[in-house]
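# A closer look at the structure
Spelled out from the first residue to the last, the chains are:
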Amino acid sequence: MQLIGVVNLKMVTEHSSRSERKRRDSFGMFDGYDSCSEDTSSSSSSDESEEEVAPLPSSLPIIKNNGQVYTYPDGKSGMATCEMCGMVGVRDAFYSKTKRFCSVSCSRSYSSNSKKASILARLQGKPPTKKAKVLQKQPLVAKLAAYAQYQATLQNQVKTKTAVPVEGFSWGNYITSNNLTAAPVTCFKHAPMGTCWGDISEGVRVEVPNTDCSLPTKVFWIAGIVKLAGYNALLRYEGFENDSSVDFWCNVCGSDIHPVGWCAASGKPLVPPRTIQHKYTNWKAFLVKRLTGAKTLPPDFSQKVSESMQYPFKPSMRVEVVDKTHLCRTRVAVVDSVIGGRLRLVYEESEDKTDDFWCHMYSPLIHHIGWSRSIGHRFKRSDITKKQDGHYDAPPHLFAKVKEVDPSGEWFKEGMKLEAIDPLNLSAICVATIRKVLADGYLMIGIDGSEAADGSDWFCYHATSPSIFPVGFCEINAIELTPPRGYAKLPFKWFDYLRETDSIAAPVKLFNKEVPNHGFHIRMKLEAVDLMEPRLVCVATVTRIIHRLLRIHFDGWEEEYDQWVDCESPDLYPVGWCQLTGYQLQPPAPQTARDSQSSSSKQKKKAKSQQYKGHKKMTSLQLKEELLDGEEYNFLQGASDQESNGSASYYIKQEP
């Protein structure tokens, strides 16, 4: 975060005192900032550069000079062409006695030896150089003259069009009307700017377009952040004090948000909003007082945003991804498109490219070509014998890395019991069994009571996965555990079940108990992928926090659609992520849909869960809360819904 010093603004005000002798206007700040780039351009000037510019009136609806209103005449009569940039405009609005240039900048640049090559190239019909393009900006006076003609034309027309309200969901309105809080960007390390957001907070000043203005040109003004919601910020123009009537929401990472000082460096005009333009007589003094010592965005903020939105995965890359029809195996798929780091993968055998799968590039569901063979995972061989033209294997270093484990000592074994998030019903944590131990710490997990005979719905989890838990995790954290389908001895007790099935629980010490300081709190808003339909990103809320485990609720839908997600899941995003990346956001279900949920919930649930075409799991049963009285393990009651984010001991094993 950059502090706004006196030096920059002092430079602008000193320049203004000189420029006021040339050109004055009622806005004060307008002239100093608009002419800043001209003052810092080449010091060489032609004789015409000493000519004065006609003063501008205070109202600025049209340009007047000696009582004459400038409008574009018919044909080319009264028009002039700038000899530097080639801009065509009203002759009387051009600079100097000879009316050869459209602005002071073009006049000075013309006389500079460094611009002769550009001028010669233009006269010869050649494309201008990059430096010449920088100078090809339409001068303010000519733009205002054009606006005068536009205003005159509007007066002669019948206004038949009315403003059409923008339909659709608005995060700003949703948050403001319900006084909601959004998860900060720093909670999402995989999202753009997630690791370099800095201390952007309320009170930070930025330069944004001034929409409370009738000028034809795009002008700017300084605003302060009133409230942050993910990438979105509620802004208030400087000078409005406690008046929120003109407050507006804007994406901080958008192209129209700039640090204070950007207008001065870019030669863009700063114009106070029309509503308060007469509130102060000296806007420069007002801004110096308000901004000295305040915080603004880093000067390279836009560059960091651009860099954080560069994704290594490219279309035509080949990967191995879970087979959505048989979870126990992987298939080859080709990257079709990349949006915000999310990949649309098309299975290689899909001729019409409709058999696809969506996931994030850091998802644990995708791997490099050859991964399945290296660990002993089941793999569906493609009928395509050779790569299609243009397709190539994604480099292994692009994929998410898992922690190294040491299986040489005490390790997971086939038949051990544990608790796991059901990949076919992410709202449930179920009784599960390790069905196969693979290499590099990977395990094949099956959900007790609902496994297919051929094991086609086994799911691959890494030993460090935050989606698998020791026996008793749900009990000590007040989470309902889904017992095996058809298990009649309820309420379910692990001790009895282990004895009945002649099984042992996986050792507690083998599970990942690391709890990062994630920063999430209950009732925070975010954008989340519906993992049962992973092409959808929806408006969502954090409703429970169990150590590093988050309960995600999709706004407007019933709780049966909730999903358990890890705090570091790449399928969670800050508010405003869809707008920033161009991804479509699914708004909360409307009231009509809510009213019909009771009668059609089963049909909707079926539609939402078609992505994984395995065996449908039964909904979680309501279990009474009671402690296990096991002989081998003694559990400590853990804090449910805790928000401390600190690491905690989930369980303690009783020593013999």
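None of these values were measured; they are calculated from a predicted model.

### Overview of helix H8 (residues 171-178)
Among all positions of H8, only Trp171, Gly172 and Ile175 are buried. End-on, the buried residues of H8 take up no more than an arc of 100°, which puts them together on one face. Turned more than 90 degrees away from the buried face of H8 sit Asn173 and Ser177, all of them exposed. At its buried positions, H8 is contacted by strand S8 (220-229), strand S9 (232-237), strand S10 (248-251), strand S26 (524-529), strand S27 (537-546) and strand S31 (585-586). Backbone geometry just after H8 places asparagine 179 at a positive phi near 50°.

### A closer look at helix H10 (residues 283-291)
Taken as a whole, H10 has its buried residues at Trp283, Lys284, Phe286, Leu287 and Leu291. Axial view of H10: buried residues confined to an arc of 160°, hence all on one face. Between the side-chain oxygen at the start of H10 and the backbone nitrogen of lysine 284 there is a gap of 3.3 Å, and the oxygen is on asparagine 282. In the segment just after H10, glycine 293 is the residue with positive phi, at about 85°.

### Focus on the pattern of salt bridges
Applying the stated criterion across every chain yields a total of 28 salt bridges. Glutamate 348 serves as the salt-bridge partner of arginine 318, at 2.9 Å between the closest nitrogen and oxygen. Here arginine 318, found in strand S13 (residues 317-323), pairs with glutamate 348, found in the loop between strand S15 (342-347) and strand S16 (356-360); they are 30 residues apart in sequence, far enough to count as distant. Residue class for glutamate 348 comes out buried when judged on its relative accessible area of 7%. We note a salt bridge from lysine 403 to glutamate 514, for which the minimum N-O separation is 2.3 Å. Separated by 111 residues along the polypeptide, lysine 403 in the loop between strand S19 (392-393) and strand S20 (417-422) and glutamate 514 in the loop between helix H14 (494-500) and S26 bring together distant segments of the chain. Exposure remark for lysine 403: the relative accessible area of 44% places this residue in the partly exposed category. On the basis of relative accessibility, which here comes to 41%, the residue glutamate 514 falls in the partly exposed class.

### Description of the packing of aromatic side chains
Describing an aromatic ring pair means giving the distance of the ring centres and the angle of the ring planes. Counted under the stated rule, the structure contains 28 aromatic pairs. Relative to tryptophan 283, the ring of tryptophan 221 has its centre 5.3 Å away and its plane inclined at 90°; by these criteria the two rings are edge-to-face. Here tryptophan 221, found in strand S8, pairs with tryptophan 283, found in helix H10; they are 62 residues apart in sequence, far enough to count as distant. The buried category is assigned to tryptophan 221, whose relative accessible area is 0%. The buried category is assigned to tryptophan 283, whose relative accessible area is 0%. Arranged with centres 5.4 Å apart and planes meeting at 85°, the rings of tryptophan 283 and phenylalanine 286 form a pair that is edge-to-face. Here tryptophan 283 pairs with phenylalanine 286, and both are found in helix H10, just three residues apart, close to one helical turn. The exposure classification of tryptophan 283 matches that of phenylalanine 286, with both residues buried. Sitting over the face of the ring of tyrosine 347, arginine 331 holds its NZ or CZ atom 4.0 Å from the ring centroid.

About the thresholds
Residues numbered from 1 in each chain as written. Predicted model: local features only at pLDDT ≥ 70, side-chain atom pairs only at ≥ 80, totals over all residues. Heavy atoms only, no water. Buried < 20%, exposed > 50% of the residue type's maximum accessible area, 1.4 Å probe, protein only. Helix = DSSP H or I, 4+ residues; strand = E, 2+ residues; numbered from the N terminus. Arc of directions from axis to C-beta. Contact = heavy atoms within 4.5 Å. Polar contact = N/O pair within 3.5 Å; in protein donor to acceptor, adjacent residues only side chain to side chain. Salt bridge = Lys/Arg side-chain N within 4 Å of Asp/Glu carboxyl O. Phe/Tyr/Trp six-rings, centres within 6.5 Å; stacked < 30°, edge-to-face > 60°. Lys NZ or Arg CZ within 6 Å of the ring centre and 35° of its normal.

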